[in-house]
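# Inside the fold
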Amino acid sequence: MATNEKWLAQVQEEIIDPGLPIIDPHHHLWDFPGSRYMLDELNADTGSGHNIRATVFVECTAMYRAEGPEHLKPVGETEFVNGIAAQSASGLYGEMRACKGIVGFADLALGAAVEDVLEAHISAAPDRFRGIRHASAFDDSDAVRPAHTNPPKFLFGQAKFREGFAKLSNYGLSFDAWLFHHQIPELTALARAFPETTIILDHFGGPLGIGPHEGKRSEIFAQWMKDIVDLSECPNVVAKIGGINMAVNGFDWHKRDKPPSSDELVAATQDYYLHTIDAFGPDRCMFESNFPVDKLSVSYPVLWNAFKKIAKDFNADEKAAMFHDTAKRVYRLD
């Protein structure tokens, strides 16, 4: 991910409203072959001008255990991230508190047996572990890669998955949902079946713009708008607004000679934000970076400038909710 720093540096902007407190509720950390995004890289991005106070880490298959029972291997990621969070909490790296909340992976299709995994995650990070993400993103086309969890079609409706999902509320854990736009009704059905569990919609529900979905943005958007309204009628669901600059979204920013400016991002994507905010309300929306995945397309300071331009007509309380307070409340960040 760091290989495109020179490309991203072509667009420099003055930071808008640099004092506005922000919690970034969605980023990853990893050290994969040829791709590294660790505390130093995160600090460089969060320290690039905006007032990032804390962050929430979301699972990405980093640092799974090499040994032990298969179902417990993802606990290694929580152990790893809790260590990074402890580094940040020392204050040696600045005032920003990285990974103040942690969202890990557990295979909810284990059914009731997933309790062992949930308890192991909580034990590994008792002060920071907040929820589970079991990605369900699946498309019939081979041109669209499924989520890293390699989910089956209609995961959310499977009896074993729901048996495991039912355990989340017992531990006070939330559920992050990563899926594609045509799967939003499946999430709505899940939310209605489990009204006691807080569900966080990631990345607008993944509006696709590649493969068979390329060139169909307007018709996909029209259906997406309706599905978002239906989902918003579930009071236990909140929305992360961001994560729409990935390759799968089809804007192709990463293929350009020069990355987009914040004005270009606003022009291309603002309607997704404003519709979601209109449906859910600011108190149930939180801006997210989805870094370093969205870093494929845009730099951290430019991305948050775009968010601030999108939010320009909202009042101070509404901005505070979307940039900071919703994330603090939903992820229980003291």
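Let me sum up the structure you'll find in this document. In this convention, every chain numbers its residues from 1, walking through the sequence in written order. Whole-chain, interface and lining totals are the exception, using all residues; otherwise, since this is a predicted model, local features are given only for residues with pLDDT of at least 70 and side-chain atom pairs are given and counted only at 80 or more. Side-chain figures throughout are based on the complete set of non-hydrogen atoms in the structure, without hydrogens or water.

## Here we look at the nonpolar core
Formed by 81 residues in total, the largest nonpolar core has its most connected members in F165, F175, L187 and F287. The contact criterion used throughout is that any non-hydrogen atoms of two residues lie within 4.5 Å. Non-local contacts of L187, meaning those with residues more than four positions away in its chain, are made with F156, A177, L179, I199, L201 and L231. Side-chain atoms within 4.5 Å are what join buried Ala, Val, Leu, Ile, Met, Phe, Trp, Tyr and Cys residues into a set we call a nonpolar core. Only protein chains enter the accessibility calculation, which uses a 1.4 Å probe; a residue is then buried when its area is under 20% of its type maximum, exposed when over 50%, and partly exposed in between. Counting residues in hydrophobic clusters, the runner-up holds 12 residues, among them A54, V56, I200 and V330.

## A short note on the packing of helix α3 (residues 75–89) against helix α4 (residues 115–124)
Axis lines are fitted through C-alpha atoms, for helices just across the contact stretch, and the angle between N-to-C directions can take any value from 0 to 180 degrees. Numbering of helices and strands runs from the N terminus; a helix is a DSSP stretch of H or I covering at least four residues, while a strand is a stretch of E covering at least two. At a minimum axis distance of 9 Å, the contact between α3 and α4 shows a crossing angle of 15°. Taken together, the axis directions place α3 and α4 in an arrangement best described as roughly parallel. Considering how the two elements wind past one another, α3 and α4 form a crossing that is right-handed. Every residue of α4 that contacts α3 at V75, T78, E79 and N82 is listed here: V117, A120, H121 and A124. Put simply, Ala, Val, Leu, Ile, Met, Phe, Trp, Tyr, Cys and Pro go in the nonpolar bin, Asp, Glu, Lys and Arg in the charged bin, and everything else, Gly too, in the polar bin. Looking at the contact of α3 with α4, its residues break down into 4 nonpolar, 3 polar and 1 charged. Should an angle lie under 35 degrees it is considered roughly parallel, over 145 roughly antiparallel, and from 65 to 115 roughly perpendicular; all remaining angles are considered oblique. For any pair of crossing helices, the crossing counts as left-handed if the nearer helix is rotated counterclockwise from the farther one by less than a right angle, and right-handed if it is rotated clockwise.

## Some points on empty space enclosed by the protein
By rolling a water-sized probe across the atoms, one finds the places where empty space is left. Points on a 1 Å grid, built from protein atoms alone, make a cavity when a 1.4 Å probe fits but cannot get out and make a pocket when they are open with protein on both sides within 12 Å along at least 5 of 7 lines; residues with an atom within 4 Å of a point are the lining residues. Grid points are joined across faces, edges and corners, and a volume is the space filled by probe spheres set on the points. A full pass over the atoms with the stated rule returns 1 cavity of 30 Å³ or more. Taken as a whole, the largest cavity encloses approximately 30 Å³ of empty space. Together, N245, L265, V266, T269, Y273, L303, A306, F307 and I310 line the largest cavity. For the lining of the largest cavity, a count of residues per class yields 7 nonpolar, 2 polar and no charged.

## Digging into the pairing of strand β1 (residues 21–27)
With respect to burial, β1 is a largely interior element, 6 of its 7 residues being buried. Here β1 runs beside strand β4 (residues 51–58); their pairing, made up of 5 bridges, is parallel. The residue of β4 that forms the bridge with I23 is A54. At least two bridges found by DSSP between two strands are what make those strands a pair.

## Section: the packing of aromatic side chains
Each pair of aromatic rings taken from Phe, Tyr and Trp, with Trp reduced to its six-membered ring, is defined by centres within 6.5 Å and is described as stacked if the planes are under 30 degrees apart, edge-to-face if over 60, and tilted in the remaining cases. Overall, the coordinates contain 23 aromatic pairs when judged by the stated rule. On the basis of an interplanar angle of 20° and a centroid distance of 5.4 Å, the ring pair of W30 and F32 is categorised as stacked. Where W224 meets Y272, the ring centres are 5.1 Å apart and the plane angle is 65°; that geometry is what we call edge-to-face. On the criterion of sequence distance, the pair formed by W224 in helix α7 (residues 217–232) and Y272 in helix α8 (residues 262–280) is long-range, its members being 48 residues apart. You'll find W224 and Y272 in the same group, each marked buried. Counting every residue linked through ring pairs, the aromatic cluster contains F204, F221, W224, Y272, Y273, F287, F291, Y300, W304, F307 and F323. Cation over ring: R217 sits above F251, and NZ or CZ is 3.9 Å from the ring centre. Counted as over-ring charges are cases with an Arg CZ or a Lys NZ within 6 Å of the ring centre that also lie within 35 degrees of the ring normal.

## Some words on the layout of surface pockets
The computed volume of the largest pocket comes to approximately 650 Å³. Taken together, 22 residues line the largest pocket, and the ones lying closest to its centre are R145, H148, W178, M246 and V293. Across the lining of the largest pocket, the residue classes break down as 14 nonpolar, 5 polar and 3 charged. Space inside the second largest pocket adds up to approximately 210 Å³.

## Quick notes on the side chain of N290
Among the structural elements, N290 can be located in the loop between β10 (285–288) and α9 (300–310). Look at N290 and you get buried, because its relative accessible area is 1%. Among residues more than four places away in sequence, those in contact with N290 are H26, H28, H203, G243 and M246.

## Focus: α8
Axes are fitted to the seven residues ending at a residue and to the seven starting at it; the angle between these axes is taken as the bend at that residue. In α8, a bend of some 65° at T269 exceeds every other bend along the element. Among all positions in α8, only S262, L265, V266, T269, Y272, Y273, H275, T276, I277 and F280 are buried. For α8, the secondary structure elements touched by its buried residues are α7, β9 (237–242), β10, α9 and α10 (316–330).

## Thoughts on the pattern of salt bridges
Here, a salt bridge means any Lys or Arg side-chain nitrogen found within 4 Å of an Asp or Glu carboxyl oxygen. According to the stated counting rule, one finds 18 salt bridges in the structure shown. For E70, the salt bridge is made with K73, and the minimal N-O distance between the two is 3.1 Å. Exposure remark for E70: the relative accessible area of 59% places this residue in the exposed category. Residues joined in a network through salt bridges with shared partners are E59, R133, D176, D202 and K240.

## A short note on the side chain of H134
If you trace the backbone, H134 turns up in the loop between β6 (129–133) and α5 (159–165). Classification of H134 by relative accessible area gives buried; the value is 4%. Within the structure, the side chain of H134 is placed 3.2 Å from the backbone nitrogen of L108, a separation counted as a polar contact. Dropping the residues within four chain positions of it, H134 is found in contact with F105, A106, D107, L108, A109, T149, L155, F156, F161, F175 and D176. Any pair of nitrogen or oxygen atoms within 3.5 Å is treated as a polar contact; in protein, a donor-acceptor pairing is required on top of that, and neighbouring residues in sequence qualify only through side-chain atoms on both sides.

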